[in-house]
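# Residue-level structure breakdown
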Amino acid sequence: MNRRDFVKFSGLAAIELGAARLLQSQMQPGMQSHAPGSENAKADFTLRIAPVTVELTPTRTISTIGYNGTSPGPLLRMREGKPVIVEVINDTDVPELVHWHGLFIPPEVDGVEEEGTPLVPPHGRIRYQFVPQPAGTRWYHTHTMAGADLHRGAYTGQFGFLMIDSGNDPGKYDKEVFLALREWEPFFNPEEDDDDDQSNSGPMPERPKILDTSPSGLEVGYQMFSINDKSMGAGEPIRVKQGDRVLMHLLNASASMNRRLALPGHRFQIVAMDGNTVPTPQTVDVIDMGPGERVDAIVEMTQPGVWIFGTTTDDARNAGMGILVEYANQHKQPQWVAPPKSVWDYTIFGRTATQPAPDQTIDMIFQKIPSGAGPFNSWTVNGKEYPHDQEFALKRGGRYRLVFRNRSEDAHPLHMHRHSFELVEINGKATAGIMKDTVVVPGYGRATVDMVADQPGLTLFHCHIQQHMDYGFKALFRYT
Ligand SMILES: [Cu+2]
């Protein structure tokens, strides 16, 4: 039975077939084996995909699709290495997928159609069984295509934090908060949204001599903004005391927007990026995050007052993308002060070292095909929109150097599934020891990463901006 036949079924038949199919797929080589009858075992987690309302402010409630009646969905906490069963129930009329972003798990449960994960049928259910790893700040979200439908895929509220605990948490903080950046109520926008302080002022090693000036397609704009499920001021503040060390787990859960964050009067000690401890935890004034990226930062609370933590883009912050940080016994007006101009530079969090020579270097060139009057631009990887033939082949155990050449003016958050990679170089600056699963390559910039091919099976690579991914900006790596 192929997948198309499979999704035709609904209701009970699909429930049983879904379980049977997953069980069968779990028996493939390289997969965790399961005791017979595990499809009847009690699930450790249940996610119900269904319409939800989100009260962003007392006067603005929006409708979307979420998990377990909320958006963001529940914080899931898993123990590294301890197998889990997640039951996913789809109470919508369209097939869905739940992707576990940043986990080293087989393609059959990664939540990606291109890799062969079974869809959760409309009004059906499926069990995902996997061994959570590696430890760190991960997240889960839908991985369906949206195309020109701004009510599907990452434009919905289907996302949440997933923490994988190793048991080695040093715990040198007084308070832990989970903050996800979000826009809501998307619309087609003829103009590029202003993320002004993200514009590329650095070197542009990939800028072509002659630029294509044909008219571009539409962008996505948003009407409402929040951190988690509340616009700024509508939810509880982060309540702190002088001297507290607050661990912020930050996630950019946007469908399309790169963001810069600041907290006036305070600095961020960056301890992890994409959930992985950084070699050199530097302290910085601002944090840049593309869609899909996570940052763990410690903030020392040394400036009593009431402050705004939020995006430095004034329009988006004033429309809700912020949260108040309120010291005990302080009742001032919340303060915002624009941070000093600074450059977000991944490489300062690394160490000085050179990586071993790769077995193979794979060049990846990204270009935009302006769509003119069409809805969205198209995107190519090495001159072709997805799908490619057999270009991206890996041998198990091989060490690969991927050179991401961004020949467009947009900054792209590039995500590799089921693996992490080590940053080698950004726009000519070398670094080592920074492990990530998503890297933002600046406009006309270049990033080089090393990846060890140690997770056999189909592996999707794509830009984490939904409309870029949907219109060509992806590639499927295979193991040969
Ligand atoms: Cu992109």
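Everything quoted here is computed from the prediction, not taken from an experiment.

## Let's talk about the overall build of the chain
- Helix and strand counts for the chain stand at 4 helices and 32 strands.
- Looking at the 480 residues of the chain, the share that counts as buried comes to 56%.
- If you sum the accessible surface of the chain, you get close to 19500 Å²; carbon and sulfur atoms cover 50% of it.

## Observations regarding the coordination of the copper ion
- Within the protein, the atoms that donate to the copper ion are His 412 (ND1), Cys 463 (SG) and His 468 (ND1), at distances of 2.0 to 2.1 Å.
- One chain supplies every donor for the copper ion, spaced along it as H-x50-C-x4-H.
- Look at Cys 463 and you get buried, because its relative accessible area is 0%.
- Residue classification places His 468 among the buried residues on the basis of a relative accessible area of 5%.

## Concerning the packing of aromatic side chains
- Inspection of the entire model under this criterion finds 18 aromatic pairs.
- One aromatic cluster in this structure is built from Phe 366, Trp 379, Phe 392, Phe 404, Phe 421, Phe 461, Phe 473 and Phe 477.
- If you follow Arg 182 out to its NZ or CZ, it ends over the ring of Trp 184, 4.7 Å from the centre.
- Between Arg 317 and the ring centre of Trp 336, over which it is positioned, the NZ or CZ distance is 3.9 Å.

## Regarding the pattern of salt bridges
- Counted according to the given criterion, the structure contains 30 salt bridges.
- Between Glu 206 and Arg 407 there is a salt bridge, with the nearest N and O atoms lying 2.8 Å from each other. Placement of the pair is Glu 206 in the loop between β9 (175-189) and β10 (219-227) and Arg 407 in the loop between β24 (399-406) and β25 (412-416), with a sequence separation of 201 residues.
- Take Glu 206: its relative accessible area is 4%, and that puts it in the buried class.
- The class of Arg 407 is partly exposed, set by a relative accessible area of 29%.
- With a shortest N-O distance of 2.6 Å, Lys 384 and Glu 391 are connected by a salt bridge.
- For Glu 391, a relative accessible area of 34% corresponds to the partly exposed category.
- One salt-bridge network, in which partners are shared between bridges, spans Glu 206, Asp 363, Arg 405, Arg 407, Glu 425 and Arg 446.

## Structural notes on the sheet that holds strand β7 (residues 136-142)
- Read across the sheet, 4 strands follow the order β3-β8-β7-β5 without closing on themselves; strand pairing throughout is mixed. Edge strands, defined here as strands with exactly one partner in the open sheet, are β3 (76-79) and β5 (98-101). Taking the axes of each pair of neighbouring strands and ignoring which way they run, one obtains an average angle of 25 degrees across the sheet.
- Alignment of β7 against strand β8 (residues 159-165), held across 6 bridges, turns out to be antiparallel. The partner of Trp 139 across the bridge, within β8, is Phe 161.

## Describing unusual backbone geometry
- In this structure, the amide linkage connecting Ser 71 to the following residue, Pro 72, adopts the cis form with an omega of 0 degrees.
- Considering the arrangement of structural elements, one finds Pro 72 in the loop between β2 (60-67) and β3.
- Across the junction of Tyr 386 and Pro 387, the peptide omega takes the value 0 degrees, indicating a cis bond.
- Topologically, Pro 387 is positioned in the loop between β22 (378-381) and β23 (393-394).
- Here Asn 68, not a glycine, exhibits a phi torsion of approximately 55 degrees, which is positive.
- Mapped onto the elements of the fold, Asn 68 is located in the loop between β2 and β3.
- You will see that Tyr 444, though not glycine, has its phi angle at about 55 degrees, which is positive.

## Some thoughts on the confidence of the model for the chain
- Mean pLDDT for the chain: 90, with 89% of residues reaching 70 or above.
- Below pLDDT 50 for its whole length, residues 1-37 participates in 47 contacts with residues either more than four positions away or in separate chains.

## Some details on the sheet that holds strand β6 (residues 125-130)
- On the basis of which strands lie adjacent, the open sheet formed by 4 strands has the order β2-β1-β4-β6 and mixed pairing. Here the strands that pair on one side only, and so sit at the sheet edges, are β2 and β6. With direction set aside, neighbouring strand axes in the sheet form an average angle of 30 degrees.
- For strand β1 (residues 45-57) and β2, the ladder comprises 8 bridges, and the chain directions are antiparallel.

## Concerning the pairing of strand β32 (residues 474-479)
- Within β32, 5 of the 6 residues are buried, leaving the element largely enclosed by the surrounding structure.
- Bridging between strand β31 (residues 459-463) and β32 involves 4 bridges; their strand directions are antiparallel. The partner of Leu 460 across the bridge, within β32, is Leu 476.

Conventions adopted
Residues numbered from 1 in each chain as written. Predicted model: local features only at pLDDT ≥ 70, side-chain atom pairs only at ≥ 80, totals over all residues. Heavy atoms only, no water. Helix = DSSP H or I, 4+ residues; strand = E, 2+ residues; numbered from the N terminus. Buried < 20%, exposed > 50% of the residue type's maximum accessible area, 1.4 Å probe, protein only. Areas by Shrake-Rupley, 256 points an atom, 1.4 Å probe, with all protein chains shown as cover. Donors = N, O, S within 2.8 Å, 3.2 Å for Na, K, Ca; no water. Phe/Tyr/Trp six-rings, centres within 6.5 Å; stacked < 30°, edge-to-face > 60°. Lys NZ or Arg CZ within 6 Å of the ring centre and 35° of its normal. Salt bridge = Lys/Arg side-chain N within 4 Å of Asp/Glu carboxyl O. Pairing = 2+ DSSP bridges. Axes fitted to C-alpha atoms, helices over the stretch in contact; angles between N-to-C directions. pLDDT = per-residue confidence, 0-100. Contact = heavy atoms within 4.5 Å.

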